Amino acid sequence: MQESSKKEAQRIGFAMIGGLIIGLIIHQFGLGSYSEYIKPLGTIFIRLLKMVIVPLVFSSIYMSMINLGTPEALGSMGRKAVGYYFLTTCIAVFFGIIFVNLINPGVGADLGTQGLQGLSAEMATKVSEQKGLYQTILGVLIDAIPSNPAAALANATVLQIIVFAIFMGVVALYNQEKSAPISKVMGSLEEMSLALTHAIMKFAPIGIFVLMIDVMARSGFTAIVSLSKYIATVLLGLLCHAVFLLFVACTRAKRSPLYILKGLSAPLFTAFSTSSSAATLPITMASVEENLGVKKETAKFVLPLGATINMDGTALYESVAAIFIAQAYGIDLTLAQQVIIFMTASLAAIGAAAIPGAGLITMSIVLGAVGLPLEGIGLILAVDRLLDMFRTTVNVFGDAVGTLVVDSLLKDETGK
Ligand code: ASP
């Protein structure tokens with residue numbers, strides 16, 4: 001890891017801890033509303049990160065196609081990535097189901113809930129309009145094809161941008177002479193996007209500091225106490241999964257846990273404070289390549305895809321939350337119902353957008369699949385923002401480790 005990256009990671013770490021402490025103090029003195037005055041700095045940071053997503057994803061995927069050289073190479077990488085996503089998501093859900101059944105956080109939980117009324121009007125509509133599992137997964141597949149690439153780029157619909165870039169990349173591979181000018185522009189756009197990411201990262205300590213103050217200053221601690229068993233269950237599951245991912249990363253990279261964690265500290269802290277895998281993507285891409293030595297072609301393809309469809313933390317959280325709600329309502333789930341939760345939680349995470357609170361919306365798929373009341377979402381609402389920070393961190397960690405795994409498998413295969 002370069003000296004400058006180390007310093008950058010340290011600054012981000014201090015900023016996060018500093019923001020956390022100051023936010024807690026502000027909250028303690030009942031001055032939470034004052035965080036409004038500094039919040040715009042955090043919002044600017046998130047917007048800057050989002051600003052770079054579209055040019056970065058589009059040019060990186062296109063260039064990774066050009067550098068891979070054949071569609072078969074992309075197929076081989078894609079299969080490995082999807083295999084990894086599938087396996088690790090199932091393992092994450094498994095951890096969730098084991099812990100929630102061992103700890104039983106919902107048994108005897110206070111049902112004094114506001115139901116869906118506790119959600120903002122927009123969220124409540126999204127939750128009640130959420131389609132069933134089949135339609136959601138089919139919807140993800142159909143929606144992945146952009147009927148209007150310009151709209152996909154304009155709306156930053158990442159999966160559509162990935163698909164369009166792959167198509168353009170394949171066409172460019174077969175028409176090298178004709179596509180040469182575009183490829184040159186894309187190469188340059190990619191370099192510029194990365195340079196822009198580095199420039200934005202200089203602002204990360206301030207952005208993260210402010211975001212942490214804001215979240216902490218406005219958090220509701222009474223809910224934290226009454227839902228402490230539930231929070232502990234989710235965190236324990238996430239921790240076990242993170243340790244498992246770390247073990248996989250160390251084994252594949254043949255590096256110490258400290259080396260991996262230090263290399264990924266910037267994206268992990270950013271994920272924690274923004275609660276958005278998408279906003280963190282530019283930083284994850286830079287860190288994986290520069291600090292963990294993953295080949296550019298692998299990172300460029302596997303990370304954007306992972307940020308969109310691979311969400312281990314969200315899948316784990318959804319399984320715990322669904323079973324917690326059943327326990328709170330005194331509903332005994334059969335083994336078959338738990339298996340359905342296992343499957344739907346894994347798949348619902350694919351459908352969740354990489355933005356704050358998305359996991360809460362796709363929760364309704366899991367609840368609906370086993371006939372649990374949608375109003376149960378109101379039970380866990382108060383601590384969702386807090387848990388989102390942790391699950392997004394695990395989501396981003398899972399994406400980064402996945403890139404490392406796919407890269408090392410490819411290196412084993414090709415010997416380079
Ligand atoms: N915030 C999460 C992410 O961006 C998604 C979720 O709500 O679980 O990865």
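Before any of the text, the structure's been laid out above.
In this text, all values refer to a predicted model and were calculated from it rather than measured experimentally.

A.B. asks: For the overall build of the protein, give the residues involved together with the corresponding values.
C.D. replies: When helices and strands are counted, the protein shows 20 helices and zero strands. Computed over C-alpha atoms, the radius of gyration of the protein comes to 21 Å, within 12% of the 22 Å expected from 2.2 N^0.38 for 416 residues, which places it in the range of a compact globule. Seen through its C-alpha atoms, the protein measures out along the principal axes to roughly 70 × 50 × 45 Å. Evaluated residue by residue, the protein yields a buried proportion of 54% over its 416 residues. Total accessible area computed for the protein in this model is approximately 18,100 Å², and 68% of it derives from carbon and sulfur atoms. Taking the average location of the 26 positive side-chain charges in the protein and that of its 25 negative ones, the two points are 7 Å from each other.

A.B. asks: Talk me through the site of the ligand; I want residue IDs and the actual numbers.
C.D. replies: The environment of the ligand is made up of 15 residues, and the closest members are Ser277, Thr314, Gly359, Asp388 and Arg391. Note that an oxygen atom of the ligand is positioned 2.6 Å from one of the side-chain N or O atoms of Thr314. Take Ala358: an N or O atom from its main chain is 3.0 Å from an oxygen atom of the ligand. Elements with a minimum of two residues in the shell around the ligand: α18 (358–369) and α20 (384–414). Per-element accounting of the shell around the ligand gives the leading share, four residues, to α20.

A.B. asks: I'd like a rundown of the environment of Ile46, residues and numbers included.
C.D. replies: Looking at the element boundaries, Ile46 is found in helix α2 (residues 39–68). Taking the relative accessible area as the measure of exposure, Ile46 reaches 19% and is therefore buried. Placed 360 residues apart in sequence, Ile46 and Val406 show a C-alpha to C-alpha distance of 29 Å. Non-local contacts of Ile46, meaning those with residues more than four positions away in its chain, are made with Leu211, Thr274 and Ala279.

A.B. asks: Please provide a residue-by-residue account of helix α3 (residues 71–103), values included.
C.D. replies: Spanning 33 residues, α3 covers 48 Å between terminal C-alpha atoms, matching the ideal 48 Å at 1.5 Å per step. Phi turns positive, to about 50°, at Asn104, one or two residues after α3.

A.B. asks: Residues and numbers for the pattern of salt bridges, please.
C.D. replies: Within this structure, the stated rule accounts for seven salt bridges. One network of salt bridges, with partners in common, ties together Asp384, Asp388 and Arg391.

A.B. asks: Can you explain the side chain of Thr89? Please cite residues and give values.
C.D. replies: The residue Thr89 is located in helix α3 in this model. Beyond its immediate sequence surroundings of up to four residues, Thr89 is in contact with Asn310, Asp312, Ala315 and Ser346.

A.B. asks: An account of the packing of helix α14 (residues 277–292) against helix α15 (residues 296–309) is requested, with residue identities and associated values reported.
C.D. replies: Running from N to C, α14 and α15 cross one another at 160°; their axes reach a closest spacing of 10 Å. Here α15 runs roughly antiparallel to α14, going by the angle between their axes. Read as a crossing pair, α14 and α15 show a hand that is right-handed. Contacts between α14 and α15 involve Ser277, Leu281, Thr284, Met285, Val288 and Glu289 from the former and Lys296, Ala299, Lys300, Leu303, Pro304 and Ala307 from the latter. Considered class by class, the residues forming the contact of α14 with α15 number seven nonpolar, two polar and three charged.

A.B. asks: Any chance you could break down unusual backbone geometry for me, citing the residues and the numbers?
C.D. replies: Positive phi, close to 55°, is recorded for Ala156, a residue that is not glycine. For Ala156, the location among the structural elements is in the loop between α6 (149–154) and α7 (158–174). Phi at Lys254 is positive, roughly 55°, even though this residue is not glycine. Here Lys254 lies in the loop between α11 (228–253) and α12 (257–263).

A.B. asks: Just give me the short version of the nonpolar core, but keep the residues and values in it.
C.D. replies: Residues Tyr230, Ile380 and Phe397 are the most contacted members of the largest nonpolar core, which totals 103 residues. In contact with Ile380, not counting residues within four places along its chain, are Tyr230, Tyr317, Ala321, Phe324, Ile325 and Leu360. Grouped together as the second largest cluster of nonpolar side chains are 20 residues, Ile12, Met212, Val215 and Met389 included.

A.B. asks: Lay out the packing of helix α13 (residues 265–274) against α20 with the relevant residues and their values.
C.D. replies: Direction vectors running N to C along α13 and α20 enclose 150°, while the axes themselves pass 7 Å from each other. Between α13 and α20, the crossing angle belongs to the class labelled roughly antiparallel. In this structure, α13 meets α20 at a crossing whose hand is right-handed. Listed contacts from α20 to Pro267, Leu268, Ala271, Phe272, Ser273 and Thr274 of α13 are Arg385, Met389, Phe390, Thr392, Thr393, Val396 and Phe397. For the contact of α13 with α20, the class distribution of residues is eight nonpolar, four polar and one charged.

A.B. asks: Any chance you could break down α15 for me, citing the residues and the numbers?
C.D. replies: Spanning 14 residues, α15 covers 20 Å between terminal C-alpha atoms, matching the ideal 20 Å at 1.5 Å per step. Most of α15 sits out of view: 12 of its 14 residues are buried. Along α15, the residues that are buried comprise Thr298, Ala299, Lys300, Phe301, Val302, Leu303, Pro304, Leu305, Gly306, Ala307, Thr308 and Ile309.

A.B. asks: Now, about the side chain of Asp407: what can you tell me, with residues and values included?
C.D. replies: Within the secondary structure, Asp407 sits in helix α20. We classify Asp407 as buried; its relative accessible area is 3%. Within the local environment of Asp407, its side chain forms a polar contact with the side chain of Lys411, the two groups lying 2.7 Å apart. Not counting residues up to four positions away in its chain, the partners in contact with Asp407 are Gly293, Val294, Lys295 and Thr298.

Thresholds applied
- Residues numbered from 1 in each chain as written.
- Predicted model: local features only at pLDDT ≥ 70, side-chain atom pairs only at ≥ 80, totals over all residues.
- Heavy atoms only, no water.
- Helix = DSSP H or I, 4+ residues; strand = E, 2+ residues; numbered from the N terminus.
- Rg over C-alpha atoms; globule rule 2.2 N^0.38 Å.
- Buried < 20%, exposed > 50% of the residue type's maximum accessible area, 1.4 Å probe, protein only.
- Areas by Shrake-Rupley, 256 points an atom, 1.4 Å probe, with all protein chains shown as cover.
- Lys, Arg positive; Asp, Glu negative; His and termini not counted.
- Charge placed at Lys NZ, Arg CZ, Asp CG, Glu CD.
- Near = heavy atom within 4 Å.
- Polar contact = N/O pair within 3.5 Å; in protein donor to acceptor, adjacent residues only side chain to side chain.
- Contact = heavy atoms within 4.5 Å.
- Expected span 1.5 Å × (residues − 1).
- Salt bridge = Lys/Arg side-chain N within 4 Å of Asp/Glu carboxyl O.
- Axes fitted to C-alpha atoms, helices over the stretch in contact; angles between N-to-C directions.
- Parallel < 35°, antiparallel > 145°, perpendicular 65-115°, else oblique.
- Left-handed = near helix turned anticlockwise from the far one by under 90°.
- Nonpolar A, V, L, I, M, F, W, Y, C, P; charged D, E, K, R; others polar.
- Core = buried A, V, L, I, M, F, W, Y, C linked by side-chain atoms within 4.5 Å.

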